[in-house]
Structures are given as C-alpha cells and as structure tokens.
Amino acid sequence: MVYKPYCEDNELDSVIMKYGLTTSYTTEIIFDDFVLSQQPSNTFYIIDDYFKPLLEKKIHQINEVYWFNATESNKTNITAQDILDQLFKVNLKRNDVIIAIGGGITLDIAAFCASIYKRGCKLVFVPTTIIGMIDASVGGKTGINYNNVKNQIGTFYPADKVIIDINFLKTLPDNEIKNGYTELIKMMIISERDFFKRDPDYIINNLSLYIQKAISYKLDICTYDLTDIGIRRTLNLGHTLAHLFETISDYRISHGDAVAMGLRLDLKLSLNKGFISFENYNNILSYLRHFCNNISLTHEELEQIKLHGKDIISADKKNNEDIVYVLINNETVEFNNFESIDELINETLLIATYT
Ligand code: GLY
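Small disclaimer: the values here were computed from a predicted structure and weren't measured.

So, about the pattern of salt bridges. If charged atoms from side chains of opposite charge come close, those side chains can pair. Throughout the structure, instances matching the rule amount to 12 salt bridges. For Lys75, the salt bridge is made with Asp108, and the minimal N-O distance between the two is 2.9 Å. Separated by 33 residues along the polypeptide, Lys75 in the loop between strand S4 (64-68) and helix H3 (77-89) and Asp108 in helix H4 (residues 104-116) bring together distant segments of the chain. The exposure class assigned to Lys75 is buried, which follows from its relative accessible area of 1%. One salt bridge connects Glu192 with Lys213, and the closest N-O pair in it is separated by 3.0 Å. Linking Glu192 in the loop between helix H6 (174-191) and helix H7 (200-205) with Lys213 in helix H8 (residues 207-224), this pair joins segments that are 21 residues apart in sequence. Among the charged side chains, a network of salt bridges with common partners joins Glu72, Lys150 and Glu246.

Turning to the site of the ligand, a few remarks are in order. The environment of the ligand is formed by Asp135, Lys141, Lys218, Arg232 and Leu235. Asp135 is positioned such that a nitrogen or oxygen atom in its side chain is 3.0 Å from a nitrogen atom of the ligand. At 2.6 Å, a side-chain N or O of Lys218 approaches an oxygen atom of the ligand. Protein contact buries 87% of the 200 Å² of open area that the ligand shows by itself. In terms of residue class, the shell around the ligand is built from 1 nonpolar, no polar and 4 charged.

Before going further, it helps to examine H8. The terminal C-alpha atoms of H8, which comprises 18 residues, lie 26 Å apart, in line with the 26 Å expected from a rise of 1.5 Å per residue. Regarding H8, the residues found buried are Leu207, Ser208, Tyr210, Ile211, Ala214, Ile215, Lys218, Leu219, Ile221 and Cys222.

So, about the pairing of strand S5 (residues 97-102). Burial runs high along S5: 6 of the 6 residues are buried. Burial along S5 is two-sided: the face carrying Val97, Ile99 and Ile101 and the face carrying Ile98, Ala100 and Gly102 are both buried. Inspection of the sheet shows S5 paired to strand S6 (residues 122-127) by 6 bridges, in the parallel sense. Pairing of Ile101 across the sheet is with Val126, part of S6. Taken together, S5, H4 and S6 form a β-α-β motif whose crossover is right-handed.

Procedures and definitions
- Residues numbered from 1 in each chain as written.
- Predicted model: local features only at pLDDT ≥ 70, side-chain atom pairs only at ≥ 80, totals over all residues.
- Heavy atoms only, no water.
- Salt bridge = Lys/Arg side-chain N within 4 Å of Asp/Glu carboxyl O.
- Helix = DSSP H or I, 4+ residues; strand = E, 2+ residues; numbered from the N terminus.
- Buried < 20%, exposed > 50% of the residue type's maximum accessible area, 1.4 Å probe, protein only.
- Near = heavy atom within 4 Å.
- Polar contact = N/O pair within 3.5 Å; in protein donor to acceptor, adjacent residues only side chain to side chain.
- Areas by Shrake-Rupley, 256 points an atom, 1.4 Å probe, with all protein chains shown as cover.
- Nonpolar A, V, L, I, M, F, W, Y, C, P; charged D, E, K, R; others polar.
- Expected span 1.5 Å × (residues − 1).
- Pairing = 2+ DSSP bridges.
- Right-handed = clockwise from strand over helix to strand, strands pointing away.

Now the structure itself:
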C-alpha cells in the first residue's frame, strides 16, 4: 500500500503561514528559498539529525546548527541546557531567530528553548512530519519531558512563522507517515465526519488538502482557547491513554501507535457508553485499521498499568481526580466525567485485555 503523499518531483506544493490571530497562506515560497535567504549571523538552526545527509551541505558552514537526536528520551532538561549553552556561546540576540526543522519532538524542545532564552527570541518552524505540521507547529505548546512523563515542563509560545513543505513527507519512513495519519484521523473525528465516507486512496492522494484543513481547524480552536482550559481540550482525544501507553512501554510504543491505540479504546468506550452508533463506530474503526498499526500491550505492560497507571494519569498535567475525558459521539466529540481515574483504568484494562 502506498502511504506517501502524491507529489510530483518538481511540484511546489508548499505552504507558508503566519499565525497569532491571523493566518495567511501562500504557495510561492519553498523551503530552499527560505533557508538560503537567511543571514548566517542571526540564525541558529535546531535540526533533527535524521536530516543531516539531506541538509548538511545546504546549511552547514554558513550557520550555527544544533543537530538533535530526536527521541522522547532526549527531550529533556539536559538537552535543553545543552541547547541553551550553545545559544549563549554564539551570543544569539533576542531579535535573532531560531529555526527548528523536524517533527514534533524537535519542534517542542526548540520552541521551549526559544521561549525562555532571554525571555524569548524569534522562532520559525519547518515541520517535516504530518504530526509536526498539523499538531506541534500550531497553537504554541512547547515542552520537555520530566521523569519520563511527557511534556511536564513547558510554555505557550506560538512560532512567528511556520513553513510547511509537503515534500519533506517524501523523505520519511512509512512508519512515520502512518503515525501522522493517526493524528489526522483524530482531527477528522472531531471536525469532519465526511472524511470517513471517502475512499482511503482519495485521502492519500489529497493529503495536502487534509493537512491544510487540519491546520485551519486547530488554528480556530487555539484562537478561542490558546491556554488549553476549554475547547482545546477536545484535541486531547485518544491522548490521555496514549501518554500512559508511551510511558508504561518506556517509549517502545511510538506516539502515533499509542494514539491509534488510545483512539481505538476511546471509540470502544464511546460505544459501550452509548455515545456512538455501531455504524459510525465501524466506519472510524475501519480507517484506524487501514492507516494505523495495530499494536497491543504486553502482559507486563498491562500489569504495569494496574500498578502505576493511576499515578501516571494523575501526573498528566491535564488531569484532576475527577478526570474530564473526551469521548466520541455521532457528530464530533464530547466531554465525559469519569468518577475517578480508577474507573478509567479499570475500563481501559478490560477493553485492552479483550480487544
Ligand atoms: N496536541 C494537542 C494540543 O495542542 O492541544
């Protein structure tokens, strides 16, 4: 099956957008034009080292670069300190710019450093994954992990500019593309149910359209609720359990696979609670089966959830004891109050064991 987006080699299928409260798109500027137009003296790059072979010759020697080994276990205060040391060493000024190139992990840590360095310097994102494009680069969340729990330290700091060059997706391994479709499916469950009436090939062949739709939707949500106290929390669909699965598996399970598992369980919880019809349940499930890996938890991981699940979910900054949880209905999503984290864990274990 072909997961790569359809894109002719010479097609300038790029989007540049600015946001804050306004958004503008153009298809005229591509990544190369932008990179080559930067002045070396005021630019510091933080780049996923996966792109070293592709970008080293273009960027190295003229600009300062921090090549980042982009894993969850490297998204820490230690790495952030290392990046800050480099920024001070090259004496980056507040008006200078950090350009982050990579997926969500790279963007999160680069943005965190940009937000605290001298109380904030300029920030440009060049997301290279679907998750980076439709999620991490929109809405200003920055973060690093602490004690193995995701994004425990962070700020809200929207980038000054985001350059989306769809061509980057052609450089990715299939598994990373699949991770991205999971996040896209999540956004479409919330915002556009007609998505699930389309043939999967139509989605693949029109990926840049759906990426733009997902970005626009998230921008709208974040304009209402940048600091995540209300409607933005609907974007957490599938993620409470996903963060639990990532942590419990010590990141053996990738973010995309964990979200796919989280969505499947949330779908089942929604069916069990009568929020969603069997027909709609099946439609969404068939998309998750088509686009996402079906991962299961090992016996040991299920035991770990029994022992530590409550502590991990409590440590998630979004959760209080009466956990506000997002479930799926026939049109979009809605909040559901689980009485306790124990209730959520018990239901999850029951479904995870028998699905
Ligand atoms: N990733 C969910 C959010 O940005 O709110």
